[in-house]
Amino acid sequence: MMNMFRLAGDMSHVVSILILVLRLRVSKSAVGISLKTQELFLLVFITRYLDLFTTFYSLYNSVMKIAYISSTAMIIYMIRFKEPFRSKYDKTQDSFLHWKFAVASCAA
């Protein structure tokens with residue numbers, strides 16, 4: 001049986017991703033969105049969901065894991081390579097120290 005808290009958490013995550021993609025498409029700008037944070041999310045999802053290739057829990061579980069990884073990768077692709085997002089993304093405004101957080105968490 002599906003845990004209602006997990007379902008609520010997954011659906012709120014899906015809605016937040018949809019809102020972010022919709023915001024990117026409507027505004028045609030990546031201003032205010034941290035590419036570094038999205039890259040860190042992708043790193044977390046990939047390492048957290050490594051069991052996707054070794055253990056099958058349920059179709060729902062597998063689909064959600066693939067959706068999280070692919071949607072985050074799509075957002076990164078849009079900001080990093082696709083116009084007009086690429087030209088409107090300002091690296092100087094994105095001051096999040098994502099590599100320090102990634103290295104610090106691996107050291108712990």
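All values reported here derive from a predicted model rather than from experimental measurement.

A. Broad picture of the overall build of the protein chain. On a plain count of helices and strands, the protein chain comes out with five helices and zero strands. Across the protein chain, helices and strands are ordered from the amino to the carboxyl terminus as α-α-α-α-α. Projected onto the principal axes, the alpha-carbon positions of the protein chain cover approximately 45 × 35 × 25 Å. Here the protein chain holds 108 residues, and 30% of them are scored as buried. Put simply, of all contacts in the protein chain between residues at least 6 apart along the chain, 72% involve residues at least 24 apart. Counting only carbon and sulfur atoms, one obtains 70% of the accessible surface of the protein chain, whose full area is about 7600 Å².

B. Local environment of the packing of aromatic side chains. Summed over the entire model, instances satisfying the criterion amount to five aromatic pairs. Each ring, one from tyrosine 77 and one from phenylalanine 81, has its centre 5.8 Å from the other, and the planes form 40°; the classification is tilted. Of this pair, tyrosine 77 and phenylalanine 81 both sit in helix H3 (residues 59-81), four residues apart, which is roughly one turn of that helix. Using a relative accessible area of 47% as the deciding quantity, one classes tyrosine 77 as partly exposed. Each member of the aromatic cluster is reached from another via a ring pair, and the members are Phe41, Phe45, Tyr49 and Tyr68.

C. Broad picture of the nonpolar core. Core analysis: the biggest nonpolar cluster contains 18 residues, and Leu24, Ala30, Tyr68, Ile75 and Ile79 have the highest contact counts within it. Counting only elements with at least two residues in this core, the list comes to helix H1 (4-27), helix H2 (35-48) and H3.

D. Inspection of the pattern of salt bridges at higher detail. If you walk through the whole model with that rule in mind, you get three salt bridges. When the shortest N-O distance is used, the salt bridge between arginine 6 and aspartate 10 registers 3.6 Å. Separated by four residues within a single helix, arginine 6 and aspartate 10 lie in helix H1, roughly one turn from each other. Overall, the relative accessible area of 40% leaves arginine 6 in the partly exposed class. Two residues, glutamate 39 and arginine 80, come together in a salt bridge whose shortest N-O distance is 2.1 Å. Taken together, the residues span a long stretch of sequence, with glutamate 39 in helix H2 and arginine 80 in helix H3 at a distance of 41 residues. In this structure glutamate 39 comes out as buried when scored by relative accessible area, which is 18%. Given the relative accessible area of 35%, arginine 80 is considered partly exposed.

E. Representation of H1. The end-to-end C-alpha distance of H1, which contains 24 residues, comes to 34 Å, matching closely the 34 Å that a straight helix rising 1.5 Å per residue would cover. Against the buried residues of H1 lie H2, H3 and helix H4 (85-88). Its side-chain oxygen at 2.8 Å from the backbone nitrogen of phenylalanine 5, asparagine 3 defines the N-terminal cap of H1. The positive-phi residue at the C-terminal boundary of H1 is lysine 28, with phi of around 50°.

Here is what the cut-offs are and how they apply
- Residues numbered from 1 in each chain as written.
- Predicted model: local features only at pLDDT ≥ 70, side-chain atom pairs only at ≥ 80, totals over all residues.
- Heavy atoms only, no water.
- Helix = DSSP H or I, 4+ residues; strand = E, 2+ residues; numbered from the N terminus.
- Buried < 20%, exposed > 50% of the residue type's maximum accessible area, 1.4 Å probe, protein only.
- Contact = heavy atoms within 4.5 Å.
- Areas by Shrake-Rupley, 256 points an atom, 1.4 Å probe, with all protein chains shown as cover.
- Phe/Tyr/Trp six-rings, centres within 6.5 Å; stacked < 30°, edge-to-face > 60°.
- Core = buried A, V, L, I, M, F, W, Y, C linked by side-chain atoms within 4.5 Å.
- Salt bridge = Lys/Arg side-chain N within 4 Å of Asp/Glu carboxyl O.
- Expected span 1.5 Å × (residues − 1).
- Polar contact = N/O pair within 3.5 Å; in protein donor to acceptor, adjacent residues only side chain to side chain.

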